[in-house]
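Residue strings, one per chain:
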Amino acid sequence: MMRDDIENGQSFGGARRRNAPSNSNNGSGYGHSYSSIPTQAAQHEYGTNDIDVLKKQSTPSRTFSSPLNSLPLEPSAEGIGSFFQSTAHLTEGPNQPYYRDDFNDQPHTCSFGTAEENGIWWNNSDQAGTIMACMVWILLAYSAFTFTALARSGGIPIFLACVYVVLCVMALACHAKTTFTDPGSVPQAAVPNERMRREMGTPDSPLSMCSQCQTFKPPFSHHCRICNRCVSRMDHHCPWMNNCVGVGNMKHFILFLVYTWSCSVFSLLLLGWNYFMCSDEECTFNVFLTQLVRLVTILSLGALLFTSSMIMNVTFGLMTGIGTIDRLKKKANDTIGDAVEEPIPLKDVFGIGAYWTFLFPIDPIFDNYDQVMGYSTPQRLLREEMKGDPMKMNSPSGVSKDMLSI
């Protein structure tokens, strides 16, 4: 999907990190977002404790020392609303360790595909995957229709049927978001950032290139032959999503699994309660509804088993930092015990937004976009240098010198 900023149209973004003005090319990481988060360079200039002091000084009212620390002691509409907003903007400005990058460098064409020039991400080269993705919608819509019919006949309470339909709608929304979201495709202009070049650009740990894309290949990325793109931190290609599951849509995929699992458990409990506890004719299903319920029961059992295994698979990947493809390779080579990967922080999956955004298929805002994605681009590096030193905007020699080092 075309990545749109929350302010200027960029979907999954991350904070832009400001380099120290005295050394604009020390970039340990660069990002892309509507909000700003402190960086290693900012911490080097201000100090971690100084940044915390700046935040406290910028806060207008005294707060509780609790998870609700952004909620003032005296309730107000503004104070309550601030709980649902990021506090990163409090120290944002020319002389602060934060700055905002709302530039949209993504394609604006209304075309479907997985190529870099396509504005809307859609894998239209796999007919089998398209059919399987449509089957998910048909089966969830069928189960929602069945529970609606049961509620209209009086077989189950209307409120419980509404809860089930809401779960189905959320599962379908997450499915659509997973399907139409760029999973983290690596552009042709991708380059490693300074930190990556220092840590990996050595004879013992060289930077890799994709033989298919002929471009830089970030760590833990893989080339998908179906999507025909390199995907950053790719876990696997899911035919039920008709898309790869990578760093860009991992959150939506997890939410789809959770909501589908909830639908399965809820339907089995509700239908089981009706089967064992129904003792009068008011809650008895007629012949037509009985056939619908039997099919829903079979579908719920299958979905429960499948989503449970996938949830455990994804959880294992997050806890170990090893994706499905990498884990299968390590098992085949009998090197799974030698893995040195680190666990993936939840902020690199769900972002740093308000907690209520974790439950909805909203694109996450990453703390450091380039660090999470595993690459940067010359355009973003150049914008950061201009932010760090505005004189470089009118200084071609300064820009050329810095860009030649990329």
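Position numbers for residues start from 1 in each chain and track the written sequence from start to end. Only residues with pLDDT of at least 70 get local features here, since the model is predicted, and only at 80 or more are side-chain atom pairs given and counted; chain-wide, interface and lining totals rely on the full set of residues. Values shown for side chains rest on all heavy atoms present in the structure; no hydrogens or waters enter the calculation.

**Brief notes about the overall build of the protein chain**
Labels follow the DSSP assignment, with helices taken as runs of H or I lasting at least four residues and strands as runs of E lasting at least two, numbered in each case from the N terminus. For the protein chain, the helix and strand inventory stands at 13 helices and 10 strands. With a 1.4 Å probe rolled over the protein chains alone, any residue whose accessible area is under 20% of its type maximum counts as buried; one over 50% counts as exposed, and the rest are partly exposed. For the protein chain, the proportion of its 406 residues judged to be buried stands at 47%. Whether two residues touch is decided by their heavy atoms; if any such pair falls within 4.5 Å, the residues are in contact. Sequence-distant contacts in the protein chain: of pairs separated by 6 or more residues, those separated by 24 or more amount to 66%. Note that accessible areas follow from Shrake-Rupley with a 1.4 Å probe, and for residues the cover is restricted to the protein chains shown. Total accessible area on the protein chain stands at roughly 20,800 Å², and carbon and sulfur atoms take up 63% of it.

**Some remarks on the packing of aromatic side chains**
In this analysis, rings of Phe, Tyr and Trp, with Trp reduced to its six-membered ring, are considered paired at centre separations within 6.5 Å, and the interplanar angle assigns stacked below 30 degrees, edge-to-face beyond 60, and tilted for intermediate values. Here the structure, examined in full by the defined rule, presents six aromatic pairs. On the numbers, 4.1 Å between centres and 25 degrees between planes, the contact of F147 with Y164 is stacked. In this pair, F147 sits in helix α4 (residues 127–153) while Y164 sits in helix α5 (residues 158–179), placing the two residues 17 residues apart along the sequence. For the pair F147 and Y164, one class covers both residues: buried. Ring geometry for Y355 versus F358: centroids 5.6 Å apart, planes at 90 degrees, classification edge-to-face. An aromatic cluster is defined as three or more aromatic residues linked by ring pairs; in this entry it consists of F147, Y164 and F266.

**A word on the confidence of the model for the protein chain**
The predictor's confidence in any single residue is recorded as pLDDT, a number from 0 to 100. In this model, the protein chain carries an average pLDDT of 74, and 66% of its residues clear a pLDDT of 70 or more. By mean pLDDT, the top-scoring element of the protein chain is α5 (96), and the lowest-scoring one is helix α13 (residues 396–404) (39). Scored below 50 in pLDDT, residues 51–90 makes 39 contacts in the model with residues more than four places away or belonging to other chains. Counted against residues more than four places away or in other chains, residues 392–406, with its pLDDT under 50, gives 16 contacts.

**Structural notes on the environment of T179**
With respect to the secondary-structure elements, T179 resides in helix α5. Owing to a relative accessible area of 2%, T179 belongs among the buried residues under this scheme. Once the C-alpha coordinates of T179 and N242 are considered, the two residues, 63 residues apart in sequence, prove to be 6.2 Å apart. Think of a polar contact as two N or O atoms within 3.5 Å of one another; within protein, one of them needs to be a possible hydrogen donor and the other a possible acceptor, and neighboring residues in sequence only count if both atoms come from side chains. A distance of 2.9 Å separates a polar side-chain atom of T179 from the backbone oxygen of M241.

**Notes on a nonpolar patch on the surface**
A contiguous nonpolar surface patch, about 360 Å² in accessible area, is contributed by W356, L359, F360 and I362. Take W356: it is sitting in the loop between α10 (347–350) and β10 (365–366). Every patch collects residues that have over 30% relative accessible area and no salt bridge, joining them within 9 Å if they carry like charges and within 5 Å if they are nonpolar side chains (Val, Leu, Ile, Met, Phe, Trp, Tyr). What makes a salt bridge here is a side-chain nitrogen of Lys or Arg within 4 Å of a carboxyl oxygen of Asp or Glu, nothing more.

**A closer look at the side chain of S232**
Its place among the elements puts S232 in the loop between β7 (229–231) and β8 (236–238). A relative accessible area of 1% places S232 in the buried class. Within the structure, S232 has its side chain in polar contact with the backbone oxygen of M373 (distance 2.2 Å). When residues no more than four places from it in sequence are discounted, the contact partners of S232 are P183, G184, V186, S221, G246, V247, V372, M373 and G374.

**Description of the nonpolar core**
We call a set of buried Ala, Val, Leu, Ile, Met, Phe, Trp, Tyr and Cys residues a nonpolar core when their side-chain atoms join them within 4.5 Å. In terms of nonpolar packing, the biggest core is built from 41 residues, with F253 and F256 touching the most fellow members. Mapped onto this core, the elements with two or more residues apiece are α4, α5, α7 (250–277), α8 (287–320) and α10. With residues up to four places along the chain from it excluded, the contact list for F253 reads T178, H236, C238, M241, V245, M310 and V314. One finds V186, C213, F216 and V372 within the second-largest nonpolar core, a separate group that totals 13 residues.

**Regarding the packing of α4 against α5**
Structural elements are reduced to axes, namely lines fitted to C-alpha atoms, with helices fitted over the stretch in contact, and the angle between N-to-C directions of any two is expressed from 0 to 180 degrees. The N-to-C vectors of α4 and α5 enclose an angle of 170 degrees; their axes lie 9 Å apart at closest approach. Taken together, the axes of α4 and α5 are roughly antiparallel relative to one another. On α5, the residues that touch A133, V136, W137, L140, S143, A144, F147, T148 and A151 of α4 are I158, A161, Y164, V165, C168, A171, L172, H175 and A176. Three categories are distinguished: nonpolar for Ala, Val, Leu, Ile, Met, Phe, Trp, Tyr, Cys and Pro, charged for Asp, Glu, Lys and Arg, and polar for the others, with Gly belonging to the last. Looking at the contact of α4 with α5 residue by residue, the classes come out as 15 nonpolar, three polar and no charged. Roughly parallel means an angle under 35 degrees; roughly antiparallel, over 145; roughly perpendicular, 65 to 115; everything else is oblique.

**Brief notes about α8**
Residue count minus one, scaled by 1.5 Å, sets the expected span of a helix. A rise of 1.5 Å per residue sets the reference length of α8, with its 34 residues, at 50 Å; its end C-alpha atoms lie 50 Å apart and thus fit the reference within 8%. Listed as buried for α8 are L289, L292, V293, V296, S300, L304, T307, M310, N313, V314, G317 and L318. Immediately beyond the C-terminal end of α8, within one or two residues, lies G321, with a positive phi of roughly 80 degrees.

**So, helix α9 (residues 324–333)**
Along α9, the residues that are buried comprise T324, D326, R327 and K330. Buried positions in α9, seen along its axis, are confined to an arc of 160 degrees and lie on one side of it. Counted as exposed and oriented over 90 degrees from the buried face of α9: L328, A332 and N333. In this fold, the buried residues of α9 make contact with β6 (222–224), β8 and α8. At the C-terminal side of α9, D334 shows a positive phi close to 55 degrees. Here the arc refers to the set of directions running from the helix axis out to each C-beta atom.

**What about unusual backbone geometry?**
The phi dihedral of Q214 is positive, around 55 degrees, even though this residue is not glycine. The residue Q214 is located in the loop between β4 (208–209) and β5 (216–217) in this model. Located in the positive-phi region is R233, a residue other than glycine, with phi close to 45 degrees. Secondary-structure assignment places R233 in the loop between β7 and β8.

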